[in-house]
Amino acid sequence: GFRARDKNGFVRFINQKIGFNGGQSIRKHDEMVGSGINQYACGGEKATNIYLNNAEVKKALNVPDIPWIWQDGDWSKYHSTQTDEIPYYKEWAKKYRILIYYGDVDAGVPYNGGEEWTTSLGYPLLESWRPWTLNGEELMAGYVQIFNSAPMNFTYVTIRGAGHMVPQFKPEEALKMYEVFLRNGEWPKYNGPIGGGLL
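Residues numbered from 1 in each chain as written. Predicted model: local features only at pLDDT ≥ 70, side-chain atom pairs only at ≥ 80, totals over all residues. Heavy atoms only, no water.

*Asks:* Could you give an account of the pairing of strand β5 (residues 140–149), with specific residues and numbers?
*Replies:* Buried residues dominate β5, accounting for 8 of its 10 residues. As paired elements, strand β4 (residues 125–133) and β5 share 6 bridges and run antiparallel to each other. Its bridge partner lying in β5, Pro131 is registered against Tyr143. Connecting the antiparallel pair β4 and β5 is a turn made up of 6 residues, with Gly136 showing a positive phi of about 70 degrees. Relative to strand β6 (residues 152–159), β5 runs antiparallel, the two being bridged by 8 bridges. (Buried < 20%, exposed > 50% of the residue type's maximum accessible area, 1.4 Å probe, protein only. Helix = DSSP H or I, 4+ residues; strand = E, 2+ residues; numbered from the N terminus. Pairing = 2+ DSSP bridges.)

*Asks:* Report on helix α5 (residues 111–120), specifying residues and quantitative values.
*Replies:* Buried within α5 we find Gly114, Trp117 and Thr118. Buried residues of α5, viewed axially, fall in a sector of 100 degrees; they line one side. Buried positions along α5 lie against α4 (86–95), β3 (98–103), β5 and β6. Positioned one or two residues after α5, Gly122 has a phi angle of 85 degrees, which is positive. (Arc of directions from axis to C-beta. Contact = heavy atoms within 4.5 Å.)

*Asks:* Describe the side chain of Thr158, naming the residues involved and giving the relevant values.
*Replies:* In this structure, Thr158 sits in strand β6. Those residues in contact with Thr158, other than ones at most four positions away along the chain, are Tyr102, Asp104, Tyr111, Trp129, Trp132, Ala141, Gly142 and Tyr143.

*Asks:* Run through the confidence of the model for the protein, naming residues and quoting values.
*Replies:* Parts of the prediction with low pLDDT should not have their coordinates interpreted in detail. Mean pLDDT over the protein: 79, with 71% of residues reaching 70 or higher. Mean pLDDT in the protein bottoms out at strand β2 (residues 11–14), which sits at 48, and peaks at β3, which reaches 96. Counted against residues more than four places away or in other chains, residues 13–26, with its pLDDT under 50, gives 36 contacts. (pLDDT = per-residue confidence, 0-100.)

*Asks:* Can you explain the pattern of salt bridges? Please cite residues and give values.
*Replies:* Under the counting rule described, the total for this entry stands at 6 salt bridges. Between Glu179 and Lys176 there is a salt bridge whose closest N-O contact spans 3.6 Å. With a gap of 3 residues between them, Glu179 and Lys176 both fall in helix α7 (residues 171–182), about one helical turn apart. According to the relative accessible area criterion, Lys176 is partly exposed, its value standing at 22%. Put simply, Glu186 and Lys189 hold a salt bridge, and the shortest N to O gap is 2.7 Å. (Salt bridge = Lys/Arg side-chain N within 4 Å of Asp/Glu carboxyl O.)

*Asks:* Please give an account of unusual backbone geometry that cites residues and values.
*Replies:* Residue Pro151 is reached from Ala150 by a cis peptide bond, and omega for that bond is 5 degrees. Structurally, the position occupied by Pro151 is in the loop between β5 and β6. One non-glycine residue, Asn62, lies in positive phi territory at about 60 degrees. Along the polypeptide, Asn62 turns up in the loop between α3 (55–61) and α4. Despite not being glycine, Asn184 has its phi angle at roughly 55 degrees, a positive value. By secondary structure assignment, the location of Asn184 is in the segment after α7.

*Asks:* Hey, could you go over the nonpolar core for me, with residue numbers and the actual values?
*Replies:* Residues Leu99, Trp132, Val144, Val157, Ile159, Met177 and Trp187 are the most contacted members of the largest nonpolar core, which totals 16 residues. Those elements giving two or more residues to this core turn out to be β5, β6, α6 (166–169) and α7. Top contributing element to this core by residue count: α7, with 4 residues. Once residues within four sequence positions are removed from consideration, Trp187 is found in contact with Leu99, Arg130, Trp132, Val144, Ile146, Thr155, Val157, Met177, Val180 and Phe181. In terms of nonpolar packing, the next biggest core, distinct from the first, is built from 11 residues, Tyr89, Ile100, Tyr102 and Tyr156 among them. (Core = buried A, V, L, I, M, F, W, Y, C linked by side-chain atoms within 4.5 Å.)

*Asks:* Can you break down the environment of Gly192 residue by residue, with the values?
*Replies:* Relative to the assigned elements, Gly192 resides in the segment after α7. For Gly192, a relative accessible area of 17% puts it in the buried group. When the C-alpha positions of Gly192 and Glu138 are compared, they lie 4.9 Å apart, and in sequence the two are 54 residues distant. Not counting residues within four places of it along the chain, the set of residues in contact with Gly192 comprises Glu137 and Glu138.

Below is the structure:
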C-alpha cells in the first residue's frame with residue numbers, strides 16, 4: 001500500500017489493488033473503488049496504541065496491565081497450531097452468542113469464505129441473508145445472516161466497503177454492529193427503494 005492525500009488534505013492509506021497501481025492519483029482510486037474504502041486518516045494506529053495502554057481502558061476490558069504494542073503482521077513469528085476450528089465453533093455456538101464479521105472488500109480473508117464456513121456448521125437459519133443498515137432506512141452497512149444454534153444464536157455479518165481492519169476502515173458501521181450484537185438487538189432492516197436488475 002501507500003499513503004496519499006485526498007482533496008481535503010488528509011493522508012489516507014491505499015491498499016486496495018483493484019486494477020490500481022501506486023503511480024495513479026487518489027482521485028483515480030476513488031473513481032475506481034469509491035472514496036468510502038479506507039477513508040480513515042493515517043496514524044490511527046498511534047491513537048489505538050495510546051488508548052489500549054490507558055489503565056482505565058485495560059480495567060474496563062479486564063485485561064492484564066502489560067504494555068500493548070501495535071503489531072503489523074510479522075508472520076514469521078506466527079505458527080498455526082490448528083488446521084480446522086469448525087468443531088470448536090460448533091460447541092461454542094451452543095453455549096455462547098457468537099458474532100463473525102468480515103469486511104466485504106478484504107482481499108486477504110474474503111467474506112465468501114466466511115459465508116461458506118458459517119453455513120457449513122449446519123445450523124438452521126433464524127434470518128436469511130439480508131441487508132442491514134445504520135439507520136433502519138437506506139444507509140446500507142452490509143449483510144447479516146443469523147443461525148439458530150439453540151439455545152443461542154450464531155451471527156454472520158459483512159460490513160460494506162471495509163477491508164480487513166473493519167473498525168479502522170468503517171468505524172461507524174463497526175460501532176453499530178457491536179452495539180446491536182452486544183445488546184442482542186435487531187439488525188436494522190433496509191427500507192429504501194428496491195433497484196431493478198438487468199432485463
